[in-house]
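Here is what each chain is made of, one letter per residue.
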Amino acid sequence: MTLDLILIGLAITLEPFPVMAFILVLAAERGVRKGLVFILSWLACLVLVIACVLIFTGGKPPQPHSAPTTASLAVKLAIGVGLIAYGVHKRRASGRVRRNSAWQSKVRDVSPWTAAGLAVLLQPWGLVAAGAATVMKANLSQPLTWLTLVLYCILASSSLLAMELYATFRPMAAGARLAALRTWMERHQDQAIVTLCLALGLFLVGRSIAQLV
């Protein structure tokens with residue numbers, strides 16, 4: 001469970017679209033405050049999904065090859081196949097000319113409530129679902145499980161947290177460097193998405209098939 005959550009958490013925090021949107025939120029007026037709202041809403045989604053899964057399982061992992069375990073593996077397998085298919089599709093379409101997105105100019109003028117809504121909207125729900133399927137194995141009677149779940153939420157938010165802290169304590173330097181990071185990500189977002197989707201998709205498919213067999 002721990003290895004799966006680490007990889008899924010890394011994939012979530014490296015998703016280009018939420019990171020780019022968050023940089024634009026930070027660039028807005030009172031961006032640090034709006035960024036904090038974005039992060040809290042982002043974390044709330046992760047915690048809520050985990051809480052729902054733990055309530056469903058009662059905090060105890062299902063028995064091997066039971067219906068819940070088979071269902072969770074089937075979900076992870078389906079998500080893995082979907083990520084691979086999307087990665088292949090994105091790779092084939094990566095050579096097309098991309099138009100400037102109108103949403104980027106609108107994000108700079110968002111209110112705190114809109115920033116919170118953006119965090120929910122831009123959450124990579126496919127990856128979050130893969131994390132939820134993995135959390136079904138959690139055994140709350142072990143203290144290490146609690147630590148793993150907390151670290152998963154922090155890891156899945158680490159890129160946002162790092163930028164928020166940087167903008168808070170180094171506001172002058174942060175503006176230019178985060179803008180440069182956003183420009184770089186705009187140029188390489190297709191490659192990043194393809195790499196993340198294929199790598200995590202192959203991992204999920206391989207792990208799911210191995211555990212199903």
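In case you missed it, the structure is sitting above this.
Not measured: the values here are computed from a predicted model.

1. Regarding the packing of aromatic side chains
Summed over the entire model, instances satisfying the criterion amount to 2 aromatic pairs. Among the aromatic residues, those joined into a ring-pair cluster are Phe22, Phe38 and Trp42.

2. Quick word on a nonpolar patch on the surface
Together, Leu144, Leu147, Val150, Leu151 and Ile154 give the surface a local cluster of nonpolar side chains, amounting to about 460 Å² of exposed area. Mapped onto the fold, leucine 151 is located in helix H8 (residues 143-156).

3. Some words on the side chain of lysine 34
By the element assignment, lysine 34 lies in helix H3 (residues 31-57). One buried charged residue, lysine 34, remains without a salt bridge, the closest side chain of opposite sign being glutamate 29 at 6.1 Å. Setting aside residues no more than four positions away along its own chain, lysine 34 makes contact with Val25, Ala28, Glu29, Val110, Ser111, Pro112 and Ala115.

4. Details of unusual backbone geometry
Positive phi, close to 55°, is recorded for arginine 30, a residue that is not glycine. Locating arginine 30 in the fold gives a position in the loop between helix H2 (16-27) and H3.

5. Some thoughts on helix H7 (residues 125-135)
Counting buried positions along H7 gives 8 out of 11 residues, so the element sits mostly inside the fold. Those residues of H7 lying buried are Leu127, Val128, Ala130, Gly131, Ala132, Ala133, Thr134 and Val135.

6. Focus: helix H1 (residues 2-13)
Within an α-helix, residues lying three or four positions from one another point in the same direction, as the helix has 3.6 residues per turn. End to end, H1 covers 16 Å across 12 residues, agreeing with the expected 16 Å (1.5 Å per residue, within 8%). The complete set of buried residues in H1 reads Asp4, Leu5, Ile8, Gly9, Ala11, Ile12 and Thr13.

7. Side note on the environment of serine 158
Tracing the backbone shows serine 158 in helix H9 (residues 158-169). Residue serine 158 is classed as partly exposed on the basis of its relative accessible area, which comes to 28%. Taking C-alpha positions, serine 158 is 8.5 Å from leucine 10, a pair spaced 148 residues apart along the chain.

8. Quick word on the packing of H3 against H9
Put simply, H3 and H9 touch, their axes get as near as 10 Å, and they point 160° apart. Judged on the interaxial angle alone, H9 and H3 are roughly antiparallel. By crossing handedness, the relation of H3 to H9 is classed as left-handed. When H3 is examined against H9, the residues Val32, Gly35, Leu36, Phe38, Ile39 and Trp42 are found in contact with a partner set consisting of Leu160, Leu161, Glu164, Ala167 and Thr168. When grouped by side-chain class, the residues that make up the contact of H3 with H9 number 8 nonpolar, 2 polar and 1 charged.

Cut-offs applied
Residues numbered from 1 in each chain as written. Predicted model: local features only at pLDDT ≥ 70, side-chain atom pairs only at ≥ 80, totals over all residues. Heavy atoms only, no water. Phe/Tyr/Trp six-rings, centres within 6.5 Å; stacked < 30°, edge-to-face > 60°. Patch = residues over 30% accessible without salt bridge, like charges linked within 9 Å, V, L, I, M, F, W, Y side chains within 5 Å. Areas by Shrake-Rupley, 256 points an atom, 1.4 Å probe, with all protein chains shown as cover. Salt bridge = Lys/Arg side-chain N within 4 Å of Asp/Glu carboxyl O. Helix = DSSP H or I, 4+ residues; strand = E, 2+ residues; numbered from the N terminus. Buried < 20%, exposed > 50% of the residue type's maximum accessible area, 1.4 Å probe, protein only. Lys, Arg positive; Asp, Glu negative; His and termini not counted. Contact = heavy atoms within 4.5 Å. Expected span 1.5 Å × (residues − 1). Axes fitted to C-alpha atoms, helices over the stretch in contact; angles between N-to-C directions. Parallel < 35°, antiparallel > 145°, perpendicular 65-115°, else oblique. Left-handed = near helix turned anticlockwise from the far one by under 90°. Nonpolar A, V, L, I, M, F, W, Y, C, P; charged D, E, K, R; others polar.

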